[in-house]
Amino acid sequence: MDEKWHRKLKERQKIDQNDTKYSISNFSLTGAGIHKEDSPFLNSSDSASKKNDFYDKNLALFEEELDIRPKVSSLLSRLVNYTNITQGAKEHEEEESAQSPNMGTLMGVYLPCLQNIFGVILFLRLTWIVGMAGIIQSLLIVLMCCSCTMLTAISMSAIATNGVVPAGGAYFMISRSLGPEFGGAVGLCFYLGTTFASAMYILGAIEIFLKYLVPQAAIFHATDPGSSDSAMLNNMRVYGSLCLSLMAVVVFVGVKYVNKLASLFLACVIISIVSIYAGALKSISHPPEICMLGNRTLVRDSFDVCAKTVIKGNITEPSQLWEHFCLPGNMSTAQCDDYFIQNNVTEIQGIPGLSSGIIKENMWSDYMQKGEILEKVGLSSVDAHGSVETFFMYVSADIATSFTLLVGIFFPSATGIMAGSNRSGDLKDAQKSIPVGTILAIATTSLVYFSSVVLFGSCIEGVVLRDKFGDAVRKNLVVGTLSWPSPWVIVIGSFFSTVGAGLQSLTGAPRLLQAIAKDNIIPFLRVFGHGKSNGEPTWALLLTGLIAELGILIASLDMVAPILSMFFLMCYLFVNLACAVQTLLRTPNWRPRFRYYHWALSFLGMSMCLALMFISSWYYAIVAMVIAGMIYKYIEYQGAEKEWGDGIRGLSLSAARYALLRLEVGPPHTKNWRPQLLVLLKLDEDLHVKYPRLLTFASQLKAGKGLTIVGSVIQGNFLDGYGELQAAVKNMMEIERVKGFCQVVVSSKVREGIVHLIQSCGLGGMQHNTVVMGWPYGWRQSEDPRAWKTFINTVRCTTAAHLALMVPKNVSFYPSNHERFTDGNIDVWWIVHDGGMLMLLPFLLKQHKVWRKCNLRIFTVAQMDDNSIQMKKDLATFLYQLRIEAEVEVVEMDDSDISAYTYERTLMMEQRSQMLRQMRLSSAERQREAQLVKDRHSLVRMGSIYSDEEEEIVDIPAEKVHMTWTREKCEAEKKIRRKAPENFRELMSLKPDQSNVRRMHTAVKLNEVIVNKSHDARLVLLNMPGPPRNNDGDENYMEFLEVLTEGLERVLLVRGGGREVITIYS
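Residues numbered from 1 in each chain as written. Predicted model: local features only at pLDDT ≥ 70, side-chain atom pairs only at ≥ 80, totals over all residues. Heavy atoms only, no water.

Here the focus is the side chain of Thr 583. Position of Thr 583 among the secondary structure elements: in helix H20 (residues 557-585). According to the relative accessible area criterion, Thr 583 is buried, its value standing at 14%. (Helix = DSSP H or I, 4+ residues; strand = E, 2+ residues; numbered from the N terminus. Buried < 20%, exposed > 50% of the residue type's maximum accessible area, 1.4 Å probe, protein only.)

In structure tokens form, the structure reads like this:
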């Protein structure tokens, strides 16, 4: 058996070493895999370099270890040559890697962040936000959003400068800081946010295209004035879907084209912003006029002259405006709208300019309900009822507005701060460029937003600001009317910048999904880790397009913006949390080069993110959190286990250390006692657990919520390795769903190994208080007594250590976790008081689905001088106070004489023991020599609990051991043979010991009573008698236990640990 096991051990070690080398060489730098902790170094694949390492004259002392511990020079050369290329198309990677990373802060971080932060909201919605919220509340909105991103950027800079950040950006930072569960959940949220961002940019581009560039391209037209909104939404859906398809094709063809166009799109953004500032300075000349009827704003493109009548050839004729409000006929007899008749038509300046003082009117908010007409405060107006038919002539609010809605719409214009960290592989000095470039970009964009809010409020008339689509200024873009030298600068520039931002989002989102899929933490996403031969994430791009299409079908920029705000805020929240956790834990690996961070700032940023989520849309916030929570739980239960050295792991370690120190104060109170199990397992020569139902039984006791340590003792040499043995035990624990720890001890003697396990398992207050071990089956048939001697020695050790002991007998008949008993009884035979273990264990078992429907019965034994009726009442009262429901029965045992059967059985037991002892004495020395030969030919002897290869049979002094046959030896052997007949005669005339007869009598009587009452019970729990103080009676002790449990299918022998484990007090 030893040779077979030794051969398997060597084969497994070879496989394990190969796997270890592969995992280290591939994953040790990137941190993307689970590498072995025992060899945390890089292995070179170059055999020549290995040979040089081995035979370096100056490193001869270390040449045997150079395969796992490389020279410092070779390690450093590999670290320096390591490059971190952003995931994407291979041609892009080759183009980038052809030249060394040389991008500075400006080109590598600052400008990409500017391009990603400035977007569609600045051009299409900021003027409307200022008009609705007023300057003060608009400044507050901008301050909240920009402060949130600034605090997040500080936290992100700390994380990004604490090591290399590969592809995945925020996902990589969060997953490696907070673990795969948080990383996967937030990574998918970030992916969904980026995907919906592409939909928002596409909708913005189509809105510019259909509203301001080519209005004639509309496919759907309003059949009546009230259906214009639905027609516009349908146009957005059609053109948005076409645009999305075209962009997806561009991204599919190659990311390098998108990267080459990025500079052009950035230039469009900068030119557009500069034209806004230039227009603000030039706004005094040639301001556009807007037409007002009373104090109501009119849609300007429906008529030519802002007047009720026009003079043509000295004849006053009705204007186009008149024709819209009046029925055809003479001016005197025409039937006109009441409001039109009673109010005058006036023209006011749409952009009065900086010096006009309009800022006072725009300082405060003016939120509107859907369908409410835009009115200018201060203009005279006669309140009259207007007809519904003329409603389309007025500029009205298309949606109801509020402060919270505007926060959700504006926040996407503050996102995009991760662009720099995603390019860390292309930067000359990422540790310096990422913090400086990102924070400067946020400061610049925040300054632009603050100044734009003030400029818009100072230059533009309030009703124009509140006009979302520019109906009052001949359907021109409101920002365009302010720009210089022409409105087309803003219109064309914003269109191209929006298309560019959409392309960037559509390029980044599939790569982010591919990074998550390649980490293999979410099983159902594995397919999206594959792509074209050049590295393009084809399947991920397809899924991204489908999700973006959902955003396109919503068709409203104002509805899509809050959705992506939620996902980005969720991502930023966890970036702040990651930084705060790492800072507070003070892990040794937390050494960011960026020093200007603090955990309080991170917590403030996290709080602001959470507040903004619920301010902008509480129901979207709940949906986003539920989605993230579901992904978290899915990864926790179904995902692959990853060890990334994350902060949550460190937090768990700190919490465990704190809890262990608290538990060390003293022993637990009786109310807090729970079975902390040490399960002793036996492995066979094929590394399989011999009795897996022991683990099943331990898992069924998990209602105690206690510690479970699964231990096994291996006989052999520790230096020969035992990792695969521990893996075998862990595998069986996973199969049986046992939550706990595994402990394998390699010892020269199994008995000593078990003692070591019992003494040293656990840590501090989290130590085992109960030992679970199997019964030594076949001990009667075996001539070798070591199996049952190891068992009895373990019983004695647990008693000496004041530990409880459970011995499931016939454990193979115990139910699996998939079986369920629909009826039957759990019988407890309470013979002596053991601290309440016999009461507590069935209660815990009944919490499990296997035993839940079983009834609990408690039996106790009354002697002749006991009052059995009073005992039953007292026991029922005791169980009532313990809050345990059970049937109670007192069994009376009469003082009968010792039967002939008992006497005969005791005699047979002692005769057998004497005969086996003599046989062992005669063969002791032959076995000793055979053992020595066996030891020479086996390198590792595989034994386990109750092994047959542990120690000598009898203790013979060393001086009597003879390695060869001498004359004295021959004479001694002849004497033994001559004495054999005499020994046999003594055996036949043997009289049993009276104490053994008494014990056998008790065992037989108790067994008769137990079998009579509990022969059909699902489980019988029974007090386990203690072993004799004198070692000479060990074999008899085993016989007593066999007699006591004869005829019972499932028996659990229980010994208490010497303390109370259950109490009647609350």
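Okay, a positive patch on the surface next. Taken together, the side chains of Lys 702, Arg 737, Lys 739, Arg 820, Lys 849, Arg 852 and Lys 853 make up a positively charged region of the molecular surface. For Arg 852, the position within the fold is in the loop between helix H28 (837-845) and strand E12 (855-862). Taking relative accessible area as the criterion, Arg 852 reaches 48% and is therefore assigned partly exposed. (Patch = residues over 30% accessible without salt bridge, like charges linked within 9 Å, V, L, I, M, F, W, Y side chains within 5 Å. Areas by Shrake-Rupley, 256 points an atom, 1.4 Å probe, with all protein chains shown as cover. Salt bridge = Lys/Arg side-chain N within 4 Å of Asp/Glu carboxyl O. Lys, Arg positive; Asp, Glu negative; His and termini not counted. Charge placed at Lys NZ, Arg CZ, Asp CG, Glu CD.)

A surface patch of nonpolar side chains, about 790 Å² in accessible area, is lined by Leu 610, Phe 614, Trp 618, Tyr 619, Ile 622, Met 625, Val 626 and Met 630. If you list the elements that add at least two residues to the nonpolar patch, you get helix H21 (599-616) and helix H22 (618-638). Top element by residues in the nonpolar patch is H22. It accounts for six residues. Structurally, Trp 618 can be placed in helix H22. A relative accessible area of 53% means that Trp 618 is categorised as exposed.

Another aspect to go through is the sheet that holds strand E10 (residues 804-809). In spatial order, the strands read E8-E7-E6-E9-E10-E15-E14-E11-E12-E13; together these ten strands make up an open sheet with mixed pairing. The open sheet is flanked by strand E8 (741-747) and strand E13 (887-892), the only strands paired with a single partner. Adjacent strand axes in the sheet meet at a mean angle of 20° when their direction is disregarded. Strand direction decides the pairing type here: E10 and strand E15 (residues 1051-1055), joined by five bridges, are antiparallel. (Pairing = 2+ DSSP bridges. Axes fitted to C-alpha atoms, helices over the stretch in contact; angles between N-to-C directions.)

Side chains bearing opposite charge may pair, as long as their charged atoms lie close to each other. Scanning the entire structure with this criterion turns up 15 salt bridges. Between Arg 125 and Asp 558 there is a salt bridge; the shortest N-O distance is 2.7 Å. On the criterion of sequence distance, the pair formed by Arg 125 in the loop between helix H6 (120-124) and helix H7 (126-160) and Asp 558 in helix H20 is long-range, its members being 433 residues apart. As far as burial versus exposure is concerned, Arg 125 and Asp 558 are alike and both buried. Between Arg 300 and Glu 347 there is a salt bridge, with its nearest N and O atoms 3.8 Å apart. Highlighted residues: Arg 300 in the loop between strand E2 (296-297) and strand E3 (309-312) and Glu 347 in strand E5 (residues 345-349), separated in sequence by 47 residues. Judged by its relative accessible area of 5%, Arg 300 falls in the buried class. Residues participating in the shared-partner salt-bridge network are Arg 125, Glu 207, Asp 398, Lys 468 and Asp 558.

A few words on unusual backbone geometry. Cis geometry marks the peptide bond from Trp 484 to Pro 485; its omega dihedral reads 10°. A positive phi angle is found at Arg 883, which is not glycine, with a value near 60°. Within the fold, Arg 883 resides in the loop between helix H29 (868-881) and E13. For Arg 883, a relative accessible area of 53% translates into the label exposed.

A few words now on the packing of H21 against H22. Relative to each other, H21 and H22 sit at 125°, their axes nearing to 5 Å. With respect to H22, the axis of H21 lies oblique. Between H21, through Leu 610, Met 613, Phe 614 and Ser 616, and H22, the contact on the second element is made entirely by Trp 618, Ala 621, Ile 622 and Met 625. Per-class residue counts for the contact of H21 with H22 are seven nonpolar, one polar and no charged. (Parallel < 35°, antiparallel > 145°, perpendicular 65-115°, else oblique. Contact = heavy atoms within 4.5 Å. Nonpolar A, V, L, I, M, F, W, Y, C, P; charged D, E, K, R; others polar.)

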